[in-house]
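Overview (structure and organization)
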Amino acid sequence: MALNGVAVLLVEDDPVFRQIVASFLDTRGAQVTQACDGEEGLSLFKSQHFDVVLADLSMPKLGGLDMLKEMTRLAPLVPSVVISGNNVMADVVEALRIGASDYLVKPVSDLFIIEQAIKQSLHSSYIDDTQAADFEALSHQELSDNLALLEQSVAAAKQVQQQLFPASNISYPAAKVDYSLYKNSDISSYFIDSTMVGSDHLIMYMAHLYPEDNRAAFACVLLRSFVNQKLKDFRNGQSQSIIEPFNMMSYLNERLVKSGLDIKADMIYVSIELTKYRAAIAQAGKGLRCYLRNDEGLSPLALSESLQLGVLDWGKPSIQFRSLLPQEQLCIATSELEHKQALLENKFKGLVYDAAMPEGGFLQLSL
């Protein structure tokens, strides 16, 4: 049978849906172990071997995200497929960052979709370049389809965007990221993100998204999902692009163009090699600036302007490499004087509504 002998851990708090899925997978030859919440799922995962985890994200006791984080720490090579409703789409994007292979959105109209997702996750390491491109395009199309409501609903767009933004201070093992982004309406047209890549690199970026409407929230999800794809490729040993700003910007431009959504972005993308304090910096567009900060203030880096991302005839980003001194911080900011002053005063507030401040803000990396 299609899933003959595949050991599946099914973690789902809805007993009816859980039994329907388990019965279907049984008929397809899988060996299914059921758990009713994240705590039970994690306990079973620790006690026996599974080939794949199929998990809901919204569960009592221990949520799906926290459960998957611990599972990834214990056994990073075991793939997972997540299930969610549209109202937790931001959690889906975070699950993909943690390492989930795929996601499904409730209600699942055809149970064979679950089988296909499991098969794809089990064979992801052996997909050739042509198949990988097809799967990637399909994944992004599914994401676009499932998030179409963001273009019509301000409330939905606001909720998802707020879930994507981290706290104002993000601590990593060898670095810290602080930021403030000010918005004058429900949706911010600016986005920031950062994550560790392996144990030696950290990436961060800031983007200004156009048009400045509900699609900006939609674009935040797309950008995060595109970055997640390359993060997954890095973890699987398939690509180094995520720590190579030139290649990463080229990839992001290609994905935005192929999305067909007419979304443009100014962006600064930074990769830091933490063991050597060496930064590689790429810039697209002209709306953001990169600075070195020390006791004497902010010193702008000489990055020439280039075309925005999302342009069909886009050329290449502006690139610079810098070795950072221990007392220096690397900052990305808009050109507004109010923002630079707030940065120098260390006013890190995260994402905030402030009608008195121009839209935009700043991001700071401290090693």
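Every value quoted in this text rests on a predicted model; they were computed, and no experiment measured them.

Let's shift gears to helix H2 (residues 38–47). The set of residues buried in H2 consists of Gly38, Gly41, Leu42, Leu44 and Phe45. Viewed along the axis of H2, the buried residues span an arc of 165°, placing them on a single side of the element. Away from its buried face, by an angle of more than 90 degrees, H2 presents the exposed residues Lys46 and Ser47. On its buried face, H2 is in contact with strand S1 (7–11), strand S2 (31–35), strand S3 (52–56) and helix H3 (64–74). Sitting at the head of H2, Asp37 places a side-chain oxygen 3.1 Å from the backbone nitrogen of Glu39.

On to the sheet that holds strand S14 (residues 318–323). For sheets, the rule is that strands pair by backbone hydrogen bonds, running either parallel or antiparallel. Reading across the sheet, the five strands line up as S8-S9-S10-S11-S14 and stay open at both edges, with antiparallel pairing between neighbours. Looking at strand neighbours, the two that pair on one side only are strand S8 (190–197) and S14, the edges of this open sheet. Sheet twist, expressed as the mean angle between neighbouring strand axes with direction ignored, is 15°. Pairing geometry for S8 and strand S9 (residues 201–210), over eight bridges, is antiparallel. By the bridge assignment, Ile192 is partnered in S9 with Met206. Where helix H8 (residues 214–235) meets the sheet, it contacts S8, S9 and strand S10 (264–273), and its direction lies at approximately 155° from that of S9.

With 90% of its residues at a pLDDT of at least 70, the protein reaches an overall mean of 86. Ignoring residues within four places in sequence, the model shows residues 125–139, a span with pLDDT below 50, making nine contacts including any to other chains.

Thresholds, definitions, all that
Within any chain, residue numbers begin from 1 and follow the written order of that chain's sequence. Since the coordinates come from a predicted model, pLDDT governs what is reported: local features require at least 70, and pairs of side-chain atoms require 80 or more to be given and counted, while whole-chain, interface and lining totals use all residues. Hydrogens and water are ignored here; the side-chain numbers use all heavy atoms of the structure. When a residue's accessible area, from a 1.4 Å probe over protein chains only, is under 20% of the maximum for its type it is buried; when over 50% it is exposed; and in between it is partly exposed. Runs of E in the DSSP output that reach at least two residues are strands. Runs of H or I that reach at least four are helices, and both are numbered from the N terminus. Each C-beta atom gives one direction from the helix axis, and the arc is the one those directions make. Here, residues are in contact when the closest pair of their heavy atoms is within 4.5 Å. Pairs of N or O atoms are called polar contacts if they sit within 3.5 Å, as long as, within protein, a hydrogen donor faces a hydrogen acceptor (for residues adjacent in sequence, only side-chain-to-side-chain pairs). Two strands are said to pair when DSSP picks up at least two bridges between them. Note on geometry: axes are C-alpha line fits, over the in-contact stretch for helices, and angles between N-to-C directions span 0 to 180 degrees. The predictor attaches a confidence to each residue, called pLDDT, with possible values from 0 through 100.

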